[in-house]
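# Structural characterization, general
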Amino acid sequence: MSLSVLKQKWEFKEASERDVLHLSQVKGIDANIASLLVSRGITVDNYDKFINPTLKDQMPDPYTLKDCEKACKIICDSIEKKEKIVIYGDYDVDGGTATSVFINFLKQLDTNVDFYIPNKLNEGYGPNAEVFKRLEKDTDLIVTVDCGTSAFDVIDNTNIKVVITDHHMAEERLPKAEAIVNPKRLDDNSGLDGIAGVAVAFLVCVAVNRELENRGYFTNREKPNLVYLLDLVALGTICDVMKLVDINRVFVSQGLKILNKQSNCGLKALIDLLDINKKIDTYHLGYVFGPRINAGGRLGESFLATKLMTSKNYNEAFEIAKKLNSLNEDRKEIESRIHEEALAYLSDEIENRELKSNLSFVYNPDWHSGVLGIVASRLKEKFNKPSFVLCCEKGVAYGSGRSVSGVDIGAIVVLGKQKGLIKDGGGHKMAAGFSCDIDRIEEVKNFISKQIAKATEGKEIVKTLKIDSVISIKGANKDLIEAIDLMSPFGNGNPQPRFCFQELKIAKTIVLAGKHIKCFLSSPYTKGTLEAIAFNVIDTKIGDFLLDRSNNPISVVGTLNTNSWNGRETIQLIIEDAK
């Protein structure tokens, strides 16, 4: 098997020629685009739903979720009795958007509602016993969002009515809540286990809106239009890296339309602050809005994101947006320092920029807990192995992990908890968090390593780079870019099409800002050059490769976009790998 510069196996997607021809002819689209669609499972039968995803065609009945009807009626009863409701959320983007969906909805009903987002640095993830004790004084109902499924001790011992809405992995045993709406419950048959916590919250709100209408609640008041909350659903779905298929694709596609209308005061303030004057897409959600909205939760000001997204006062929202932007700059500095220290910690294991063991596992009691997940993600990307980064707080070790395809670290953490090695924790296949006693860190590391070995059967994990099509420089044109746009929104489960260009020569290279490499690629088979850029590659394997002209001819892989500069537009390749 021939691996690339980044030691990846290039895998070219295949599409049935018959299906490609059929789709091309019936829908009147270019054969190259038809091939891209067919390779993603798009045929004549589902083409229209894919290209034009609508709520009308694909919106599920919320009651298909186990306990949703029960939760809905409890919330409606509480609204009608004018009871005090507290929305208790997680401190990440999914939790913040889920909390904001509920708050923005319930405030339209003149409900007595408030929210609580725990401080990650001293209250931890999910329901906190001390907080619940304080809330008992004046709270009638707590609705958790994006958390609660594993909070047995807290929920089992509270005197407040609790409705859990969540999407994290559930055990057979469940907390003693009034209702638990979680598509990952073992007894849930909704088929919605791929949605984010914010989507679960949205569906519960849809159910509440419908039930209140059935009860005649809107006889003398306006019924809320929940479509205008889809901008928040889209944001949480993208930032929690849910697959953009089925209802998730609908939520994000329709949510982007709402977001571009800038109807949410807080998000509009953030857009204005960052001076974004182009159409908002999934890139902005994941890489521009997401880090800033996350920054408050990471650095101990967890309320800020929800305050931003629920604010009705533009000046107030703009000040919050400025604060979150400043915190994000602080977060980047802290993250960069810890990343460098983590690499130094691993230096004994690193040889030729590779990690010898089957995971990266680093611990420093003084590291900031707010950025552990980001650092773990960077280590995972660098070494293509599951990565865990740990710190210490109040005598307890806290860790955050990120995984690779084929290794379910969420399940590993749950198993470690069941065996008594891990005090608390949970997560998804690709991301998880946990806590353990400091004197058991090495024991936990060995346990995780053994589970990874079982999952991979002792084989080295080779990263696969999936490529949609091989095209020529001439084929990289404006028509292709416009056709690709029809396949958006892009994200997990529907990545931006990736193309391979073969037998090219590097005609010229330019180092930009001391860290990027701009290339001009030429082919012996066609005139002209293809402009290409590789970001943040100086002093990396791919950077060294591109600067070495002796490697010609080369093959490169990447995505295409339109680069605008000084009023001139060019087609540009974003290089991801080469060989």
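The paragraphs below set out a description of the structure included in this document. (Residues numbered from 1 in each chain as written. Predicted model: local features only at pLDDT ≥ 70, side-chain atom pairs only at ≥ 80, totals over all residues. Heavy atoms only, no water.)

Here the focus is the overall build of the protein. On a plain count of helices and strands, the protein comes out with 20 helices and 20 strands. At 25 Å, the protein has a C-alpha radius of gyration in line with the 25 Å of a compact globule built from 579 residues. With 579 residues in all, the protein has 53% of them scored as buried. If you sum the accessible surface of the protein, you get close to 26,500 Å²; carbon and sulfur atoms cover 46% of it. If you average the places of the 75 positive and of the 79 negative side-chain charges in the protein, the two averages end up 2 Å apart. (Helix = DSSP H or I, 4+ residues; strand = E, 2+ residues; numbered from the N terminus. Rg over C-alpha atoms; globule rule 2.2 N^0.38 Å. Buried < 20%, exposed > 50% of the residue type's maximum accessible area, 1.4 Å probe, protein only. Areas by Shrake-Rupley, 256 points an atom, 1.4 Å probe, with all protein chains shown as cover. Lys, Arg positive; Asp, Glu negative; His and termini not counted. Charge placed at Lys NZ, Arg CZ, Asp CG, Glu CD.)

Turning our attention to unusual backbone geometry. Most peptide bonds take the trans form, and the phi angle of most residues other than glycine is negative. The residue after Ser488, namely Pro489, is reached through a cis peptide bond having omega 5°. You can see Pro489 is positioned in the loop between helix 19 (478-485) and strand 16 (499-512). In the Ramachandran plot, Lys394 falls in the positive-phi region, its phi being about 50° despite a non-glycine side chain. Looking at where Lys394 falls in the secondary structure, it is placed in the loop between strand 10 (387-393) and strand 11 (396-402). Note on Lys394: relative accessible area 73%, which makes it exposed.

As a further point, take the nonpolar core. Counting 98 residues, the largest nonpolar core has Ile87, Phe102 and Phe289 as its most contacted members. Examining the composition of this core, we find that 11 residues originate from one element, helix 9 (residues 197-214), more than from any other. In this structure, Phe289 is in contact with Leu235, Leu259, Leu270, Ile271, Ile276, Ile280 and His284, ignoring residues within four places of it in sequence. Counting 42 residues, the second-largest nonpolar core is a separate cluster that includes Phe50, Ile471, Leu546 and Val556. (Core = buried A, V, L, I, M, F, W, Y, C linked by side-chain atoms within 4.5 Å. Contact = heavy atoms within 4.5 Å.)

What follows covers the sheet that holds strand 12 (residues 424-427). The strand order 9-10-11-13-12 describes an open sheet built from five strands, whose pairing is mixed. Every other strand in the sheet has two partners, leaving strand 9 (360-363) and strand 12 as the edge strands with one partner each. Recorded for the sheet is a direction-independent mean angle of 15° between the axes of neighbouring strands. The sheet contact formed by strand 9 and strand 10 spans four bridges and is parallel. In the strand pairing of strand 10, Ser360 is matched with Ser387. Sitting on the sheet, helix 16 (residues 372-383) touches strand 9, strand 10 and strand 11, and the angle it makes with strand 11 is about 45°. (Pairing = 2+ DSSP bridges. Axes fitted to C-alpha atoms, helices over the stretch in contact; angles between N-to-C directions.)

A few words now on the environment of Leu308. Within the secondary structure, Leu308 sits in helix 14 (residues 303-310). For the pair Leu308 and Pro553, spaced 245 residues apart in sequence, the C-alpha to C-alpha distance is 51 Å.

Here we come to the pattern of salt bridges. Under the defined criterion, the tally for this structure stands at 31 salt bridges. For the salt bridge of Arg331 with Glu335, the shortest nitrogen-to-oxygen distance reads 2.4 Å. Of the two residues, Arg331 and Glu335 both sit in helix 15 (residues 314-345), four residues apart, roughly one turn of that helix. Residues joined in a network through salt bridges with shared partners are Asp67, Lys70, Arg185 and Asp187. (Salt bridge = Lys/Arg side-chain N within 4 Å of Asp/Glu carboxyl O.)

What follows concerns the packing of helix 6 (residues 93-108) against helix 14. At a minimum axis distance of 9 Å, the contact between helix 6 and helix 14 shows a crossing angle of 40°. The pairing of helix 6 with helix 14 is recorded here as oblique in orientation. Between helix 6 and helix 14 the crossing geometry is right-handed. Contacts from Gly96, Thr97, Thr99, Ser100, Ile103 and Asn104 in helix 6 reach Thr306, Met309 and Thr310 in helix 14. Counted by class, the contact of helix 6 with helix 14 contains two nonpolar, seven polar and no charged residues. (Parallel < 35°, antiparallel > 145°, perpendicular 65-115°, else oblique. Left-handed = near helix turned anticlockwise from the far one by under 90°. Nonpolar A, V, L, I, M, F, W, Y, C, P; charged D, E, K, R; others polar.)

End to end, helix 9 covers 26 Å across 18 residues, agreeing with the expected 26 Å (1.5 Å per residue, within 8%). The element helix 9 is extensively covered by neighbouring structure, given that 14 of its 18 residues are classed as buried. Note on helix 9: the residue one or two positions beyond its end, Gly216, has a positive phi of about 80°. (Expected span 1.5 Å × (residues − 1).)

Position of Arg292 among the secondary structure elements: in helix 13 (residues 282-298). Buried and unpaired, Arg292 has no salt bridge, with Glu329 as the nearest side chain of opposite charge at 4.8 Å. Those residues within four positions of Arg292 in sequence are excluded, and the remaining contacts are Leu270, Leu274, Tyr287, Leu324, Asn325 and Asn328.

With respect to topology, five strands assemble into an open sheet ordered 3-2-4-5-6, the strand pairing being parallel. The open sheet is flanked by strand 3 (113-116) and strand 6 (179-181), the only strands paired with a single partner. On average, each strand axis in the sheet is inclined to that of its neighbour by 20°, with strand direction left out of account. Bridge count for strand 2 (residues 85-89) against strand 4 (residues 141-145) is five bridges, and the pairing is parallel. Within strand 4, the position partnered with Val86 by the bridge is Ile142.

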